[in-house]
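Residue-level listing of the chains:
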Amino acid sequence: MDRIPILRMGHFLLVTIQTDLYDRLALELEADLVQMVNKTNAKGVLIDISALSIVDSFMGRIIGNIASMCKILDAETIVTGMQPAVAITLIELGLDLKGVHTALNVERGMAILQAKIREQSDISEETDDEDDDDYPDTERFESSDT
Amino acid sequence: MILTLNQETLPLYKEQEVILLRNRIKEYAVKIGMGLVNQTKLITAASELMRNMLKYAAGGSVKVEAVSKGRETGIRLVFTDKGPGIPDIALAMKDGYSTGKSLGVGLPGTRRLVSEFDIKSKPGEGTVVTVIKWKNG
């Protein structure tokens, strides 16, 4: 059965959608992602949609749902790589993806997520040192601890 | 006077078929040289209508046509179903209205995405939605 893979990268979950989604696949992704956030304690979710040639109202709603569910579980969601034609169409359709963070590409999306996490860890300093061993953190994240 | 250059009718009863149909429509659009933005609008509109058809009428058929009017060429799509029909079309065309649990942008949004939009529905008999997207429209 088809499934969209969810990759773990440090405190983040990474999803790159490489195929056009039909409805059931999108709903499964929504459920899987929320469960994965819970299971891995993820602080951020990055969804790359650069390979999607269209985003219709259903897909837009799924993206919005994912963002609000993750928010409740204390994880930030960022959507990256939207094609210009898709953005034009979305606005004309009347969907403005409220409450969803977006970035031009994966690199910038990651930078934004990391900045957000750092903000949070600055507030509650040195809370879970042990936890960090479980996650192979990125360099940037380690250096912020010192 | 709208002339049909090329046409085919495809059935739509399964969710997975939506993607095949989208690709077929894209092929037609590419063949007449439609730009990427208009292609995306057309396919998004088609996707909305196909979803409605599956959701409310359990499927139907989609006719894809390459058409021309004077110097304009474009793609015409006809969505035909034998579902319950829409009792109040004016209401269904309003932004934010939905009988299902969706956002209610489907029909009004679709109308904004295409050049010409026509909907005919008889309760108990079904619905026919016809849209045209001109290449440069």
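Quick note: structure is the one above.
Criteria and cut-off values
Residues numbered from 1 in each chain as written. Chains lettered and ligands numbered in written order. Predicted model: local features only at pLDDT ≥ 70, side-chain atom pairs only at ≥ 80, totals over all residues. Heavy atoms only, no water. Helix = DSSP H or I, 4+ residues; strand = E, 2+ residues; numbered from the N terminus. Contact = heavy atoms within 4.5 Å. Areas by Shrake-Rupley, 256 points an atom, 1.4 Å probe, with all protein chains shown as cover. Buried area = accessible area lost by both parts, 1.4 Å probe. Salt bridge = Lys/Arg side-chain N within 4 Å of Asp/Glu carboxyl O. Polar contact = N/O pair within 3.5 Å; in protein donor to acceptor, adjacent residues only side chain to side chain. Nonpolar A, V, L, I, M, F, W, Y, C, P; charged D, E, K, R; others polar. Pairing = 2+ DSSP bridges. Axes fitted to C-alpha atoms, helices over the stretch in contact; angles between N-to-C directions.

A. Region of the structure containing the overall build of chain A. From N to C terminus, chain A includes six helices and five strands. Secondary structure elements of chain A, listed N to C terminal, follow the sequence β-β-α-β-α-β-α-β-α-α-α. Looking at chain A alone, contacts between residues at least 24 apart form 75% of all its contacts between residues at least 6 apart. Accessible surface, chain A as shown: approximately 7,700 Å² in total, 50% of it carbon and sulfur.

B. Geometry of the interface of chain B and chain A. With 21 residues of chain B in contact, the opposing surface of chain A contributes 20 residues. Both sides together, the interface formed by chain B and chain A hides about 2,000 Å², and carbon and sulfur atoms give 59% of it. At the boundary of chain B and chain A, one finds three salt bridges. For B:R51, the salt bridge identified is with A:D56, shortest N-O distance 2.8 Å. On the surface where chain B and chain A come into contact, there are eight residue pairs in polar contact (both at pLDDT 80 or more). At the level of elements, α1 (17-31), α2 (36-57) and α4 (106-113) of chain B are the ones that each hand at least two residues to the side of chain B that touches chain A. Element by element, the count of residues in the side of chain B that touches chain A is highest for α2(B), at nine residues. Across the side of chain B that touches chain A, the residue classes tally to seven nonpolar, seven polar and seven charged.

C. Main features of the sheet that holds strand β5 (residues 101-103) of chain A. Residue and element names in this part refer to chain A. Strands sit in the order β1-β2-β3-β4-β5 across an open sheet of five strands; the sheet is mixed. In the strand order of this sheet, the two ends are held by β1 (7-9) and β5, each with one partner. Within the sheet, the average angular offset between the axes of one strand and its neighbour, ignoring direction, is 25°. Alignment of strand β2 (residues 12-16) against strand β3 (residues 44-48), held across five bridges, turns out to be parallel. Bridging across to β3, L14 finds its partner in L46. Strands in contact with helix α2 (residues 57-72) are β3 and β4 (76-80); relative to β4, the strand with the most contacts, it is inclined by about 155°. Where helix α4 (residues 106-123) meets the sheet, its contacts fall on β1, β2, β3, β4 and β5, and the angle it forms with β4 comes to roughly 165°.

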